[in-house]
Amino acid sequence: GRGRPSRDSQSNGALMRVSPIGIAAGSHKRAAVWAQADAELTHPHPVCVASSAAFAAAIAAGLEGAGPQEMWSVACETASWGTECGTWVDDGAVHD
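Structure report, in brief.

Quick notes on the rules
For every chain, the first residue of its written sequence is number 1, and the numbers climb from 1 along that sequence. Under the rules for a predicted model, residues below a pLDDT of 70 receive no local features and side-chain atom pairs below 80 are neither given nor counted, while totals for whole chains, interfaces and linings still include all residues. Only hydrogens and water are set aside when side-chain values are computed; all heavy atoms of the structure are taken into account. As used here, the term nonpolar core means buried Ala, Val, Leu, Ile, Met, Phe, Trp, Tyr and Cys residues forming a set that is joined through side-chain atoms within 4.5 Å. Burial classes follow relative accessibility: with a 1.4 Å probe on protein chains only, a residue under 20% of its type's maximum area counts as buried, one over 50% as exposed, and anything between as partly exposed. By definition, any uninterrupted DSSP run of H or I lasting at least four residues is a helix, any uninterrupted run of E lasting at least two residues is a strand, and each is numbered from the N terminus. Contact definition: two residues touch when any of their heavy atoms are within 4.5 Å. Axis lines are fitted through C-alpha atoms, for helices just across the contact stretch, and the angle between N-to-C directions can take any value from 0 to 180 degrees. The cut-offs work like this: below 35 degrees is roughly parallel, past 145 is roughly antiparallel, 65 to 115 is roughly perpendicular, and the gaps in between are oblique. Note on convention: near helix rotated counterclockwise from far helix by under a right angle means a left-handed crossing. Clockwise means right-handed. Three classes are used: nonpolar for Ala, Val, Leu, Ile, Met, Phe, Trp, Tyr, Cys and Pro, charged for Asp, Glu, Lys and Arg, and polar for all others, with Gly counted as polar.

### A word on the nonpolar core
So, point 1. By size, the foremost hydrophobic cluster in this structure holds 7 residues: Val-18, Ile-21, Ala-25, Ala-31, Ala-35, Ala-56 and Ala-60.
So, point 2. For this core, the secondary structure elements donating two or more residues are helix H3 (28-42) and helix H4 (46-63).
So, point 3. Among residues more than four places away in sequence, those in contact with Ala-56 are Val-18, Ile-21, Gly-22, Ala-31 and Ala-35.
So, point 4. By size, the runner-up hydrophobic cluster in this structure holds 6 residues, among which are Ala-53, Ala-57, Ala-66 and Val-74.

In structure tokens:
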């Protein structure tokens, strides 16, 4: 109902507000945990929680000095919790 988070909705409100968490967390692991908790408040669908955690973790990894490929890896590992995660694209080239 109205005023309660929907576990069925995959809307992206949590993802839109997660960037500051990636900046403030100080580590990509902490960013993932904080972003999960934040998404659970309003957008508890597993896709929303995972994407918010992945995005915040990638931002934090970049601030820790990671390059694009490592940021992608951190995001994939965070979103998929250990399962294999596709490829990343750089300058139009797809990399496994």
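### Quick notes on the environment of Pro-68
So, point 1. Residue placement: Pro-68 occurs in helix H5 (residues 68-80).
So, point 2. On the basis of relative accessible area, Pro-68 is assigned to the exposed category, the value being 60%.
So, point 3. C-alpha separation for the pair Pro-68 and Ala-58, spaced 10 residues apart in sequence, amounts to 8.9 Å.

### A short note on the packing of H3 against H4
So, point 1. It is at 7 Å that the axes of H3 and H4 come closest, and there the two elements cross at 150°. Taken together, the axes of H3 and H4 are roughly antiparallel relative to one another. In this structure, the crossing between H3 and H4 has a hand that is right-handed. Residues His-28, Ala-31, Ala-32, Ala-35, Gln-36, Ala-39 and Glu-40 of H3 touch H4, and the partners they reach there are Cys-48, Val-49, Ser-52, Ala-53, Ala-56, Ala-57, Ala-60 and Ala-61.
So, point 2. The residue inventory of the contact of H3 with H4, partitioned by class, reads 11 nonpolar, 3 polar and 1 charged.

### A closer look at the packing of H4 against H5
So, point 1. Running from N to C, H4 and H5 point in directions that differ by 150°, and their axes come no closer than 8 Å. When the interaxial angle is binned, H4 and H5 end up roughly antiparallel. In this structure, H4 meets H5 at a crossing whose hand is right-handed. From H4, Ala-50, Ala-53, Ala-54, Ala-57, Ala-58, Ala-61 and Gly-62 reach across to H5, where they touch Met-71, Val-74, Ala-75, Thr-78 and Ala-79.
So, point 2. For the contact of H4 with H5, the residue count by class is 10 nonpolar, 2 polar and no charged.

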